Amino acid sequence: MGIGSKVRRFALLAGMAASALCAGTAAQAQAQEKFKIFLSMSFIGNDWQAEAANMVKAMAAHPSMADKVDLQVQVAGPNAQRQIQQINAMVQAGADAIVIFPISPTALNQVVKNACDKGVKVFAYDAEITEPCAYNIHIDQLEAGRVTAEWLVEKLGGKGNIITVTGVPGTSVDEQRTKAAMEVFAKHPDIKVVGEAVGMWSQAVARTELSKLLSTRTWDDIDGLWMQAGCYTANAMQLEAGKTPDQILPCAGEGSNGGRIQMLPADTEVEGAASPYAPLGAPRISYASPPYSGALALKLAVQALEGKEVPKLTVLPLPIVTNETVKLCQEGTWAEMKAGCNVFQPSLVSNPGWFASIFSEETPEVGFNAALVGQPEM
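1. Some points on the pairing of strand 10 (residues 284-287)
Across the two faces of strand 10 the burial is the same, with Arg284 and Ser286 and Ile285 and Tyr287 all buried. For strand 9 (residues 251-253) and strand 10, the ladder comprises three bridges, and the chain directions are parallel. Bridged to cysteine 251 within strand 10 is arginine 284. After leaving strand 9, the chain enters helix 9 (residues 257-263) and then returns to the sheet as strand 10, a path that is right-handed.

2. Here we look at a nonpolar patch on the surface
Together, Ile44, Val73 and Val75 give the surface a local cluster of nonpolar side chains, amounting to about 210 Å² of exposed area. Assignment of secondary structure puts valine 73 in strand 2 (residues 69-75).

3. Details of the packing of helix 2 (residues 47-61) against helix 10 (residues 293-305)
Each pair of packed helices can be described by the angle between their axes along with the distance between the axes. Where helix 2 meets helix 10, the axes come as close as 7 Å, and the angle between the chain directions of the two elements is 30 degrees. The orientation of helix 2 with respect to helix 10, classified from their angle, is roughly parallel. Of the two elements, helix 2 crosses helix 10, and the hand of that crossing is right-handed. Residue-level contacts link Trp48, Met55, Val56, Met59 and Ala60 of helix 2 to Ser293, Gly294, Ala295, Leu298 and Lys299 of helix 10. Of the residues assigned to the contact of helix 2 with helix 10, the class counts are seven nonpolar, two polar and one charged.

4. Concerning the state of the cysteines
One pass over the structure, following the stated rule, counts three disulfides. Each sulfur in the disulfide pair cysteine 116 and cysteine 133 lies 2.1 Å from the other. Across the disulfide from cysteine 116 to cysteine 133, rotation about the S-S bond amounts to roughly 75 degrees, and the bridge is consequently right-handed. Remark: cysteine 133 occurs in the loop between strand 4 (121-125) and strand 5 (135-138) and cysteine 116 occurs in helix 4 (residues 109-117); sequence separation between them is 17 residues. Per residue, the accessibility class of cysteine 116 equals that of cysteine 133, and both read buried. Here cysteine 231 connects covalently by a disulfide to cysteine 251, the sulfurs 1.9 Å from one another. Here cysteine 231 and cysteine 251 share a disulfide; its torsion about the S-S bond, -80 degrees, makes the bridge left-handed. Taken together, the residues cysteine 231 in helix 8 (residues 231-240) and cysteine 251 in strand 9 connect sequence positions 20 residues apart. Comparing cysteine 231 with cysteine 251, the two get one shared label, buried.

5. A short note on the pattern of salt bridges
Taken as a whole and judged by the stated rule, the model has nine salt bridges. Residue glutamate 183 pairs with lysine 179 through a salt bridge whose shortest N-O separation is 2.9 Å. In this pair, glutamate 183 and lysine 179 are both assigned in helix 6 (residues 172-186), four residues apart and thus about one turn of the helix distant. A relative accessible area of 48% places lysine 179 in the partly exposed class. Linking arginine 207 and glutamate 240 is a salt bridge whose minimum nitrogen-to-oxygen distance equals 3.0 Å. A residue pair is termed long-range when its members are at least 10 positions apart, and arginine 207 in helix 7 (residues 203-213) and glutamate 240 in helix 8 qualify at 33 residues. Residue arginine 207 is classed as partly exposed on the basis of its relative accessible area of 32%. Within the structure, one salt-bridge network assembled from shared partners comprises Lys68, Glu306 and Lys308.

6. Some points on the sheet that holds strand 7 (residues 191-198)
In space, the six strands of this open sheet follow the order 7-6-8-9-10-12, with mixed pairing throughout. Sheet topology places strand 7 and strand 12 (320-322) at the edges, where each strand pairs with a single neighbour. Each strand of the sheet is rotated relative to its neighbour by a mean of 15 degrees, with strand direction disregarded. Lying over the sheet, helix 7 contacts strand 6 (160-166), strand 7 and strand 8 (224-227), oriented at roughly 130 degrees with respect to strand 7. Strands in contact with helix 8 are strand 8, strand 9 and strand 10; relative to strand 8, the strand with the most contacts, it is inclined by about 150 degrees.

7. Focus: the confidence of the model for the chain
Averaged over every residue, the pLDDT of the chain is 92; the share at 70 or more is 92%. Throughout residues 1-31 the model reports pLDDT below 50, and contacts reaching past four residues in sequence, or to other chains, amount to two contacts.

8. A few points about the nonpolar core
Val99, Phe123, Tyr125, Leu298, Phe344 and Ile358 are the most contacted members of the largest nonpolar core, which totals 67 residues. In terms of nonpolar packing, the next biggest core, distinct from the first, is built from 19 residues, Phe38, Met90, Ala95 and Val122 among them.

9. Some words on the environment of glutamate 377
Along the chain, glutamate 377 turns up in the segment after helix 12 (368-373). Sequence-wise, glutamate 377 and tyrosine 292 are 85 residues apart; in three dimensions their C-alpha atoms are separated by 13 Å. Those residues in contact with glutamate 377, other than ones at most four positions away along the chain, are His62, Pro63, Trp334, Pro364, Glu365, Val366, Gly367 and Phe368.

10. Brief notes about the packing of aromatic side chains
Within this structure, the stated rule accounts for 10 aromatic pairs. When the ring of tryptophan 48 is compared with that of tyrosine 125, the centres are 6.4 Å apart and the planes differ by 20 degrees; the resulting orientation is stacked. Pair noted here: tryptophan 48 is in helix 2 and tyrosine 125 is in strand 4, with a separation of 77 residues, a long-range link. Ring centres of phenylalanine 123 and tyrosine 135 lie 4.1 Å apart, and the angle between their planes is 5 degrees; this geometry places the pair in the stacked category. With phenylalanine 123 in strand 4 and tyrosine 135 in strand 5, this pair connects stretches of sequence that are 12 residues apart. The pair phenylalanine 123 / tyrosine 135 is uniform in exposure class, with both members buried.

Analysis parameters
Residue numbers restart at each chain and count upward from 1, following the sequence in its written direction. Totals for whole chains, interfaces and linings use all residues, but because this is a predicted model, local features are given only for residues with pLDDT of at least 70 and pairs of side-chain atoms are given and counted only at 80 or more. Computation of side-chain values covers all heavy atoms of the structure but excludes hydrogens and water. Burial classes: relative accessible area under 20% of the type maximum marks a residue as buried, over 50% as exposed, and values in between as partly exposed (1.4 Å probe, protein chains only). Per the convention used, a helix needs a DSSP run of H or I reaching at least four residues, while a strand needs a run of E reaching at least two, with both numbered from the N terminus. Being paired, for any two strands, means DSSP has found at least two bridges between them. With the strands pointing away from the viewer, any crossover whose connection runs clockwise from the first strand over the helix to the second is right-handed. Here the term patch refers to residues with relative accessible area over 30% and no salt bridge, with like charges joined within 9 Å and nonpolar side chains (Val, Leu, Ile, Met, Phe, Trp, Tyr) within 5 Å. Areas reported here follow the Shrake-Rupley algorithm with a probe of radius 1.4 Å; residue values treat only the protein chains shown as occluding. Any Lys or Arg side-chain nitrogen located within 4 Å of an Asp or Glu carboxyl oxygen qualifies as a salt bridge. Between the N-to-C directions of two axes lies an angle of 0 to 180 degrees, each axis being a line fitted to C-alpha atoms and, for a helix, fitted only over the stretch in contact. In this scheme, roughly parallel covers angles under 35 degrees and roughly antiparallel covers those over 145, while 65 to 115 is roughly perpendicular and the rest are oblique. Should the near helix be turned anticlockwise from the far one by less than a right angle, the crossing is left-handed, and should it be turned clockwise, the crossing is right-handed. Note on contacts: a residue pair is in contact if any heavy atoms of the two residues lie within 4.5 Å. Under this grouping Gly is polar, as are all residues other than the nonpolar Ala, Val, Leu, Ile, Met, Phe, Trp, Tyr, Cys and Pro and the charged Asp, Glu, Lys and Arg. When the sulfur atoms of two cysteines come within 2.5 Å, that pair is taken as a disulfide. The pLDDT value tells you how sure the predictor is about a given residue, anywhere from 0 up to 100. Residues belong to a common nonpolar core when they are buried Ala, Val, Leu, Ile, Met, Phe, Trp, Tyr or Cys residues joined through side-chain atoms within 4.5 Å. Only Phe, Tyr and Trp rings are paired, with Trp represented by its six-membered ring, and only when their centres lie within 6.5 Å; those with planes under 30 degrees apart are stacked, over 60 edge-to-face, the remainder tilted.

Here you go:
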């Protein structure tokens, strides 16, 4: 072979090698390209929203997701128009999917449809979007309102004065829970709603609103409470007013850790307990929209982007805990939660407003540390 032939052969081989390298690099880059997913949050002024956001972020950081998901977070506040503007911007920024807590079940419909028309997957968690192209993941909110109201009526023997404290106005969550509860109370003429307030699903707001209601009455004028959030605070206020633990009023409300600790028998040994964040034997039914719903929405969004079939509606089991079923978690492990524990030691959870219904077999990627600090299971 002459020198010229050798040079041409070398150049050909070098070119082939370079082409192969470029093709391999392109394939690798394509394989590593992540789905651009936005988390759109509306109202964030309560413990539940912060915890749900932690679990979404933890799901995105899990080893099974970290190479697939580029998660970006935006907060609109309780303003539908601002959330609409942000969703439009997300679509323009090249979103593949949007995981959203919608401030309204209907106000976002047009912008959601526009997103769907451009190929964006939209997954709503906890609260509902009624646009048919959206995916929804939530509990049966009507059932939540009905079951808790029926418990309170039965606890009071069908007679008594009650106070109601609702959630964030305009959301499907608040509207459906309140509607169902009021329908139950209306069937019992001896149940009198003597005070109503908007609690924004916040322990702090619940305290403020209860203080206003109590400016014209005393705890002795009330027989029970129905609260979307705030039973922990209501119990604390009764203790501050001089009530003894056995005088605490029945309360139907949220799944906060503090409220469930108060439900435990008064002689229960609990690490880190200090009044009012302590066992009281307080009469309660505790329910929750589980904070893992956002993390599950993200997981389902990725599956849909990968071409898997995902149902448009996922109805989550309604977590219901009563004094008979409350069970203390000693360490907060996955195995403990799977075995049925549903409230955590105050030494593990310093914030009594933190929500305890975090377990789902559908989301093994996220557990106690995900809800608490945004760290996935490993």
